[in-house]
Amino acid sequence: MPSTFCVPEIFLDANATTPALPEISQLMEDVCCTQFANPSSPHLAALNPKQILETTRSLALRLFNEPKGTIIFNSGATEGINTAVFSVLQNAMGQNCKDKVLLYGATEHKAVPEALKYWNSVFQLNAEVVAIPVDKSGQLDLGFIAKHLDRALIVCTMGANNETGVVADLPALQGCIRAQHARIPWLVDCVQVLGKVALDLQAVDVDYATFSAHKLYGPKGVGCLYVNQKAVYSPLTVGGGQEQGARGGTENVAGIAALGKIFQWLLATREDAAACSPFAPLTQLQHYRERLLKALKRAFPELTLNQPYPDSLPTTLNFSVPTLTSGQLIAMFDAAGIRVSAGSACSTGRPKSFVLQAMGLPDWQSEGAIRLSFGPATSSAYIEAAEARINALAERLDAMRSATQNGLEGVFVPQPTSSSFTVFAEKISAQSGRLYLFGHSDDAADWLATHFPAARWEYISATELTTPTWHLELNADQVMTIENRETQRVAQIPATGIALTDEEKQAVQVASIPEINPQSDILVDVRERLETAAQPVIEPYTQALVAPRAEWISLLLTLAEVPAEQRYITICRSGGRSAVVAALAAKLRAPTLVSAELGVTHLIQNSICTRA
Ligand code: PLP
């Protein structure tokens, strides 16, 4: 396997993180090598590193419009949030907090509610942690805040949401919070807002504001916390008295230098849109987003936006496609060489976005949401490359749609009488499309409809079915004979389902990518149909068979008569599914299949690297 990838990916997940710009990594290297002295040292070598800290501090204050407060360097937003919450809740210790509340926006990054719950329990305050509801467009319910403010120890809100790009109305929040309670502690998580829309911390009287360098082309693990001079503050770490005692620990000087450079560029862009800075002005970012949305709508005409548009961060698109899950969409974008995310980066498994749920969006939207985000230093050429990939994907999807309009589509499944079937049915019922149950028991159809109501089951209540392509027959011994009428191939499958043991899966032969011979081996692509459409296996692997999940049976039929000496290699996205198909083939006594150890992306990269 090549150690580096040859196909550059289009990274559209900037709300999760951004790459360090070359100027930033160069600057950091210079600082690490030449300004390496400890800024707290008493000798002259400490002067430059100390200067770096103070320059960045004053650039930050200038960028935030000279609010009356200080900047404390730290490891990023999570630490900033914890420090602010720690300061406020420690200050409340000893008070009777039983009927107090800790308010946070329902769509906040989870660092906020987790910090509130954690410090509330450490300090044994027993205050109630309460989510402020949001409306359909993601804006906080000001009436709810006003109602609970009397009992609140802290209010935590965000500048812009990481999943939807919803930009908070900070002046309206200030009106609500400060009108009633001049000094209630107010934390605003500003991580996603900086560099994308204007932020003025003099105009809005917040107590704490968090920032992180890695969302703006700086390194991970460095950021800063703005603390209003009127706010309470307690250090989370103590030690050598760094940051005037506000945060113990030797400062990350190179990271802070990077942060300073970012602030300098942001100031330059703000003061002059044509300034020499990698950051694009707001109107340019809006234009980029429009271009991407247009391309996406071509690929997915049914696309529904899950955010107020255009009134949200100009760098974020959040959408769902009615018939596709976020897993299917991510696989398709991955296959097209575009990295996007489902909801937030922390979501795994079958994501259901709590942010979209809080906004009251239907389940299909919050389960199927895709977040596509780019950073404010994205170039026009990068957007063009992204558009080109999305347009190519649209073309392949169009071709696939017109090719599959006719004929009986779906998966034919055996009778649900074995436990392995339950697992199988559970997996495939999450698929979109029709599932045909072929057999002679009405009970089975009822059972399926009850247990897997989301799937579109169709019961074919005959022991024989003939379509232009297929002939299916179920005999009295519960053996299903399947014939592909186009290829005349026949296979027999037990109607009770097919269970694979661990031993059977482990017995599968595996080939690493460089071991695959494009001239003599035949690849069998077993990915989802959409993934295959998005990223076809390219030359020199011209002999690829495409056998998406819905057609595994036909794959087995196709292979039923291949010469034993021919090597067939199953390949999927990352190696798991191809091994299962190979094990299934072995179980059904089809010719031996070998499973590719890694997926199609690695294969393509290997082929390009080998040819280069
Ligand atoms: N807050 C928001 C809105 C974020 O998007 C993130 C990062 O994903 C964080 C906080 C955490 O930031 P950090 O990675 O700097 O701790």
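**Some thoughts on the confidence of the model for the protein**
Looking at the protein, pLDDT values average 84 and 78% of them are 70 or higher. Taken as a whole, residues 344–350 scores under 50 in pLDDT and shows 8 contacts with residues more than four places along the chain or in a different chain. A low-confidence stretch, residues 405–410 (pLDDT under 50), is modelled with 10 contacts involving residues beyond four sequence positions or located in other chains.

**Focus: the nonpolar core**
Counting 67 residues, the largest nonpolar core has Phe-64, Leu-103, Leu-194, Leu-199, Leu-201 and Phe-211 as the members making the most contacts within it. If one sorts the elements of this core by residue count, helix α7 (residues 253–271) sits on top with 11 residues. Residue contacts for Leu-194: discarding those within four places in its chain leaves Leu-63, Phe-64, Leu-199, Phe-211, Leu-216, Phe-263 and Leu-266. Tyr-288, Ile-338, Leu-393 and Ala-534 belong to the second largest nonpolar core, which has 37 residues in total.

**Description of the sheet that holds strand β12 (residues 370–373)**
In spatial order, the strands read β9-β10-β12; together these 3 strands make up an open sheet with antiparallel pairing. The open sheet has two edge strands, β9 (304–305) and β12, and neither has a second partner. Pairing analysis gives 4 bridges linking strand β10 (residues 316–320) to β12, with the strands arranged antiparallel. Bridge pairing links Thr-316 to Ser-373 in β12.

**Some words on the sheet that holds strand β8 (residues 223–228)**
A sheet is described by the order of its strands in space; here 7 strands give the open sequence β2-β8-β7-β6-β5-β3-β4, paired in mixed fashion. Strands with a single pairing partner mark the edges of an open sheet, and in this sheet they are β2 (69–74) and β4 (128–132). Strand-to-strand twist across the sheet, computed as the mean angle between neighbouring axes with direction ignored, equals 20°. Where strand β7 (residues 208–212) meets β8, 5 bridges bridge the pair, whose relative direction is antiparallel.

**Let's talk about the site of the ligand**
In the vicinity of the ligand, the residues found are Gly-76, Ala-77, Thr-78, His-109, Met-158, Asn-162, Asp-189, Val-191, Gln-192, Ser-212, His-214 and Lys-215. Here an oxygen atom of the ligand and a side-chain polar atom of His-214 are 2.9 Å apart. Across the complex, the protein chains shield 85% of the 400 Å² of accessible surface that the ligand would expose by itself. Across the shell around the ligand, the residue classes break down as 3 nonpolar, 7 polar and 2 charged.

**A closer look at the pattern of salt bridges**
By the definition in use, this model includes 17 salt bridges. Of the charged contacts, one joins Glu-79 and Arg-247 as a salt bridge, the two residues approaching to 2.5 Å between their closest N and O atoms. Remark: Arg-247 occurs in the loop between β8 and α7 and Glu-79 occurs in helix α3 (residues 77–91); sequence separation between them is 168 residues. Look at Glu-79 and you get buried, because its relative accessible area is 15%. With its nearest N and O atoms 3.4 Å apart, the salt bridge here joins Arg-178 to Asp-205. Highlighted residues: Arg-178 in helix α6 (residues 170–180) and Asp-205 in the loop between β6 (186–189) and β7, separated in sequence by 27 residues. Taking the relative accessible area as the measure of exposure, Asp-205 reaches 22% and is therefore partly exposed. One connected set of salt bridges, linked through shared partners, spans Glu-9, Asp-334, Arg-339 and Arg-573.

**A closer look at the environment of Gln-244**
Topologically, Gln-244 is positioned in the loop between β8 and α7. Spatially, the C-alpha atoms of Gln-244 and Ile-72 are 9.1 Å apart, while their sequence positions differ by 172 residues.

Cut-offs and rules
Residues numbered from 1 in each chain as written. Predicted model: local features only at pLDDT ≥ 70, side-chain atom pairs only at ≥ 80, totals over all residues. Heavy atoms only, no water. pLDDT = per-residue confidence, 0-100. Contact = heavy atoms within 4.5 Å. Core = buried A, V, L, I, M, F, W, Y, C linked by side-chain atoms within 4.5 Å. Buried < 20%, exposed > 50% of the residue type's maximum accessible area, 1.4 Å probe, protein only. Helix = DSSP H or I, 4+ residues; strand = E, 2+ residues; numbered from the N terminus. Pairing = 2+ DSSP bridges. Axes fitted to C-alpha atoms, helices over the stretch in contact; angles between N-to-C directions. Near = heavy atom within 4 Å. Polar contact = N/O pair within 3.5 Å; in protein donor to acceptor, adjacent residues only side chain to side chain. Areas by Shrake-Rupley, 256 points an atom, 1.4 Å probe, with all protein chains shown as cover. Nonpolar A, V, L, I, M, F, W, Y, C, P; charged D, E, K, R; others polar. Salt bridge = Lys/Arg side-chain N within 4 Å of Asp/Glu carboxyl O.

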